[in-house]
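Chain by chain, the residues:
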Amino acid sequence: MNTIRTIIVEDEKPARDLLKAYLTDFPAIEIVGEYDNGFDGLKAINEAKPDAIFLDVQMPKLTGFELLEVLDHQPEVIFTTAFDQYAIQAFEQNAVDYLLKPFSRERFGEALSKLRSRLDKTSGSPGGKSAIEKIRIHLAEGEEKLHRVVIKKSGKIHVISTNDINFVEAQDDYVMIYADEGKYLKQQTMKYFENHLDSEQFVRVHRSYIVNISCIERIEPYEKTNFILILKDGNKVPVSRSGMQALKSNLDF
Amino acid sequence: MSHPITGKRRSILIYSFVWLLIAVLQGVIYLYFEEFSIGVIIADPLISNFLFGILGLLAWYPTRYIPFQKQTPVYSLVAHLAAAMLVLFTWLLLSVGILNGVFTQNVDYIAFLNRSLAFRGMLGALVYLVLVLVYYLTSSAQKLQERARQEERLKNLVRETELSMLKSQINPHFLFNSLNSISSLTMSSPDEARDMIIRLSDFLRYSLKHRENEFVTLQEEIGHMKDYLSIEKIRFGEKLCYEFSINGACESFPVPTMIFQPLFENAIKHSVYESTEPVTIQFDCFPENDVMKTVISNNYDPSVPSRRGTGVGLQNVKQRIDLVYEGQGSVHWKGTDGNFEVTILFPRIFTKR
C-alpha cells in the first residue's frame, strides 16, 4: 500500500493535535506539514503537492474555500470544521468528506477509507472532474454574498475587499477586476460576479461590465442612443440599453 | 384623529339618514297637530334639520380639543357651553331667518315660528348634548383601539429583541470548537480537558441562568467573561492575550447581564480569527464623574479585508443600553490604526431593579 502524503491546515493547535493523534492509527498516512493559516497552507500545498489535505474553513488570512480557489496543485480534500452550513447541502459528495467538529475516531476512520478509495479511483481513471473542480462549481452556485475576492497574480495572493473593486470586465473565460491598487485577472464568470456581488453596490451595465456605482463620476450620452460611464478613476465603461435600465432602477432616476 | 362622521362614507350616510328621519317625524307632527300649508310642512323640517345636521358636525371639534382628562372640569364646561351657544345661536338665526324670509305672507306660521323659538332652542340644546356624548364615546373607543395596537407593536418588538438576544448568547461555533478542543485534550492532557469542561459548564450555566433583563454585579459579569476568554485561550493559545483592569469601586456596580459578551466575541471574531499575530484584549473600568466607564479595546490586522459584516453585535449592545437606561447610558466605538475600542458609559443613578 502506498503512503498517502497529507498536509493539515487548521488554525487551532488542539484541533491539529487531535488530527495527529487520530492519524497515529494509520501508519500509511504521512503528514508532510501542518499550518495554522490559509496563506502558509497554500504555499506549502503548492510546493509539497500532497495527495490529500485536512482543511479547516475558518482561518486567518485565507479561509479554506478561498484557499481552494487559488490552489495550483489539487489534492483531495477532507474538511474539518464546526460550521455545518457549508457542508451538508453542497459539499459532502464533492469533497472526500466533511468532518463536523468534534468528530470521533470511527468517523475519522470512515473519512480516511473514503479518501483511500477516491485516490485509488483517480489514479486508475484520470478523466472526470476532480473534487475541487466540483467544489469550485458549487462555490459559484452558492448563495452567499461576496465580501472579498482572492486573486493570484504573478505568484502572489491578493485579498481584495469588494468595496475596493471599481469595475469588472469580461475577458473570455476570465474576468479582469479593476481596483484602486491595480487590475487582476481571475478565472471566473461574469454571471458569478453578477450573482454574488452586493446588488445594492454593483450593477451589470453591459454584457461585459459590472460597475461599482459608488465609483461612477457621471453618465454621458454616447453616439446616438447609447450612454457611457465616466468613472472617478478616469476609466470609461459602455452602458447597454438594459444596463441603463438597471442603473436607473438602482440609482432611482 | 379623523372626524368620526365625515371620515367614513358609511357614517355620513347613517348620519344623513338619522336627520332625514327626524325631519320626516317633524313633518308628520306638523301634519297632524298644526294646520299649515304643504309648503311649510315640507320646508320647515327640511331646512331646520339640514342646518342642524351641518352645524352638528362642528360639535366634534370642541370634543376633540377639550379632552376631559387634560383640563379642569370648569374649563371644559365653560368651553363646551360657549361652543354650544355659538352653534345653537347660529342655527336658530339661520333657520328662523330663512323660514321667515320664505313664508313672510303666512301670518299664522310666522306667529307659530316666533312662539316656538324657545322650544326650538331647548330641543336643539338636547340634540347637541346627545351629539357631544356620541363624539366622546367614539373618540375614546378610537383611543382604546390605538392603544391596543401600540401595545401589540411594543410586545412584538420586545419579543424580537428577546429572541435575537437569546441567539447571541451562545455561539454554536464557539461551543463545537471548544468541544473539539476538549476532545483533543482528553488524549494529550486529561487534567486540562477536565478543567476546560468545568469552565465551559460554568459558562453555559451562567448563560442559561440569567435572563437578559436582569442585572448582575460587574464582578460577576467579568468572572463570566474570564471563563469565556480562558476557554478561547485554550483554542488559540499564545495568539490570544487579555488583561483586566478594574477599579475597586466598580466591582459591585450593577450591569445588565451578558452585556459585554458580544463585544468580547467581536474582538475574537474580527481580530483573533483573522490574525496570525498575537491579539491583546484590554478591559478597563473606572468611575468617572457620575458614571461608570468601561473601555474594551483590541488590536487587529487592518490589512485584512473583513469577510463578514460588522456592526450587528455593536448595534445590539447599543440598543440594549439605550433601552435599559432610557437614553442615559451610551455606547461609542472607533477603529484606528489597527486598534478597535468600544466605550460604554453606565449611569450611576440606576440601581438594581
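Nothing here was measured: the structure is a model prediction, and the numbers come from that model.

1. Here's the deal with the overall build of chain B
Then step 1. A count of helical and extended segments in chain B gives 11 helices and seven strands.
Then step 2. Buried positions account for 25% of the 353 residues belonging to chain B.

2. Focus: the overall build of chain A
Then step 1. Along the backbone of chain A there are eight helices and 15 strands.
Then step 2. Looking at chain A as a whole, 37% of its 253 residues are labelled buried.
Then step 3. Partitioning the intrachain contacts of chain A with sequence separation of at least 6 by distance along the chain shows that 53% fall at a separation of at least 24.

3. As for the pairing of strand β3 (residues 52-55) of chain A
Every regular strand shows the same layout, with side chains that alternate between the two sheet faces.
All names here are of chain A.
Then step 1. Because side chains alternate across β3, one face comprises the buried residues Ala52 and Phe54, and the other comprises Ile53 and Leu55, equally buried.
Then step 2. By the bridge criterion, four bridges tie strand β1 (residues 4-9) to β3 in an arrangement that is parallel. Note that in β3 the partner of Thr6 across the bridge is Ala52.
Then step 3. Following the chain from β3 across helix α3 (residues 64-69) to the adjacent parallel strand β4 (residues 76-81), one finds a crossover that is right-handed.

4. Details of the confidence of the model for chain B
Then step 1. In this model, chain B carries an average pLDDT of 85, and 91% of its residues clear a pLDDT of 70 or more.
Then step 2. Scored as a whole, the predicted complex attains pTM 0.63, and scored at its interfaces, ipTM 0.71.

5. Details of the pairing of strand β9 (residues 174-179) of chain A
Residues and elements named next belong to chain A.
Then step 1. Direction of pairing for strand β8 (residues 165-171) relative to β9: antiparallel, over a ladder of six bridges. Pairing of Ile165 across the sheet is with Ala179, part of β9.
Then step 2. Here β8 folds back onto β9, and the loop between the two strands holds two residues, one of which, Asp172, carries a positive phi near 55°.
Then step 3. Bridge analysis of β9 against strand β10 (residues 182-186) gives five bridges, and the strand direction is antiparallel. Of the residues in β10, the one forming a bridge with Tyr178 is Lys183.
Then step 4. Counting the residues that bridge the hairpin from β9 to β10 gives two residues.

6. Points about the sheet that holds β4 of chain A
Residue and element names in this part refer to chain A.
Then step 1. Read across the sheet, five strands follow the order β2-β1-β3-β4-β5 without closing on themselves; strand pairing throughout is parallel. This sheet does not close on itself; its edge strands, each paired only once, are β2 (29-35) and β5 (97-100). Neighbour-to-neighbour, the strand axes of the sheet open up by a mean angle of 20°, direction not taken into account.
Then step 2. The sheet contact formed by β1 and β2 spans six bridges and is parallel. When the bridges of β2 are listed, Val9 appears paired with Tyr35.
Then step 3. Its contacts with the sheet put helix α1 (residues 13-23) on β1, β2, β3 and β4, and the angle it makes with β2 is roughly 170°.

7. A word on the packing of helix α8 (residues 190-209) of chain B against helix α9 (residues 218-236) of chain B
All names here are of chain B.
Then step 1. Running from amino to carboxyl end, α8 crosses α9 at an angle of 140°, the nearest separation of the two axes being 9 Å. In terms of orientation, α8 lies oblique with respect to α9. Where α8 crosses over α9, the two elements pack in a sense that is left-handed. The segment α8 lies against α9, with Met196, Arg199, Leu200, Asp202, Phe203 and Tyr206 engaging His224, Asp227, Tyr228, Ser230, Ile231 and Ile234.
Then step 2. Here the residues of the contact of α8 with α9 sort into seven nonpolar, two polar and three charged.

8. What to know about unusual backbone geometry
Then step 1. Residue Lys101 of chain A is joined to Pro102 of chain A through a cis peptide bond whose omega torsion reads -10°.
Then step 2. With respect to the secondary-structure elements, Pro102 of chain A resides in the loop between β5 and α5 (105-124).
Then step 3. Residue Met258 of chain B is not a glycine yet carries a positive backbone phi of 65°.
Then step 4. Mapped onto the elements, Met258 of chain B comes out in the loop between β3 (254-256) and α10 (261-272).
Then step 5. In the Ramachandran plot, Asp337 of chain B falls in the positive-phi region, its phi being about 45° despite a non-glycine side chain.

9. A few points about the environment of Leu55 of chain A
Residue and element names in this part refer to chain A.
Then step 1. Mapping Leu55 onto the fold places it in strand β3.
Then step 2. It is 9.6 Å that separates the C-alpha atoms of Leu55 and Leu68, two residues lying 13 residues apart in sequence.
Then step 3. Ignoring sequence-local partners within four residues, the contact set of Leu55 consists of Val9, Gly64, Val77, Ile78, Phe79 and Thr80.

10. Thoughts on the sheet that holds strand β13 (residues 216-222) of chain A
All names here are of chain A.
Then step 1. With antiparallel pairing, the three strands of this open sheet are ordered in space as β13-β14-β15. Of all strands in the sheet, those with a lone pairing partner are β13 and β15 (236-239), marking the two edges. Here the strands of the sheet are splayed against their neighbours by 25° on average, with no regard to which way each runs.

11. A look at the packing of α9 of chain B against α10 of chain B
Residues and elements named next belong to chain B.
Then step 1. At a minimum axis distance of 11 Å, the contact between α9 and α10 shows a crossing angle of 20°. On the basis of their axis angle, the class for α9 and α10 is roughly parallel. For the pair α9 and α10, the crossing hand works out as right-handed. Along its contact with α9, which presents Met225, Tyr228, Leu229, Glu232 and Phe236, the element α10 presents Phe264, Ile268 and Val272.
Then step 2. Taken together, the residues of the contact of α9 with α10 sort by class into seven nonpolar, no polar and one charged.

12. Side note on the nonpolar core
Residues and elements named next belong to chain A.
Then step 1. One finds Val9, Ile78, Ile210 and Val211 to be the most contacted residues of the largest nonpolar core, which totals 54 residues.
Then step 2. Taken together, domain 1 (4-139) and domain 2 (145-251) each give at least three residues to this core, which thus spans both.
Then step 3. Setting aside anything within four residues of it in sequence, one finds Val9 in contact with Tyr35, Gly38, Gly41, Ile53, Phe54, Leu55, Asp56, Met59 and Leu67.

13. Here's the deal with α8 of chain B
Residues and elements named next belong to chain B.
Then step 1. Compared with an ideal rise of 1.5 Å per residue, which puts 20 residues at 28 Å, α8 spans 28 Å between its outermost C-alpha atoms and is within 8% of the ideal.
Then step 2. When we look at burial in α8, the residues that qualify are Met196, Leu200, Phe203 and Tyr206. For α8, the angular spread of buried residues about the axis comes to 125°, placing them on one side. In α8, those exposed residues whose orientation departs by more than 90 degrees from the buried face are Pro190, Asp191, Ile198, Ser201, Arg205, Leu208 and Lys209.

14. Quick look at the interface of chain B and chain A
Then step 1. If you look at the interface, chain B gives 23 residues, while chain A gives 22 residues.
Then step 2. Secondary-structure elements contributing two or more residues to the side of chain B that touches chain A are α7 (172-188) and α9 of chain B.
Then step 3. At 11 residues, the largest contribution of residues to the side of chain B that touches chain A is made by α7 of chain B.

About the cut-offs
- Residues numbered from 1 in each chain as written.
- Chains lettered and ligands numbered in written order.
- Predicted model: local features only at pLDDT ≥ 70, side-chain atom pairs only at ≥ 80, totals over all residues.
- Helix = DSSP H or I, 4+ residues; strand = E, 2+ residues; numbered from the N terminus.
- Buried ≥ 20, exposed ≤ 12 C-beta atoms within 10 Å, placed from the backbone.
- Contact = placed C-beta atoms within 7 Å.
- Pairing = 2+ DSSP bridges.
- Right-handed = clockwise from strand over helix to strand, strands pointing away.
- pLDDT = per-residue confidence, 0-100.
- Axes fitted to C-alpha atoms, helices over the stretch in contact; angles between N-to-C directions.
- Parallel < 35°, antiparallel > 145°, perpendicular 65-115°, else oblique.
- Left-handed = near helix turned anticlockwise from the far one by under 90°.
- Nonpolar A, V, L, I, M, F, W, Y, C, P; charged D, E, K, R; others polar.
- Core = buried A, V, L, I, M, F, W, Y, C linked by C-beta atoms within 7 Å.
- Domains from an automatic or database assignment.
- Expected span 1.5 Å × (residues − 1).
- Arc of directions from axis to C-beta.

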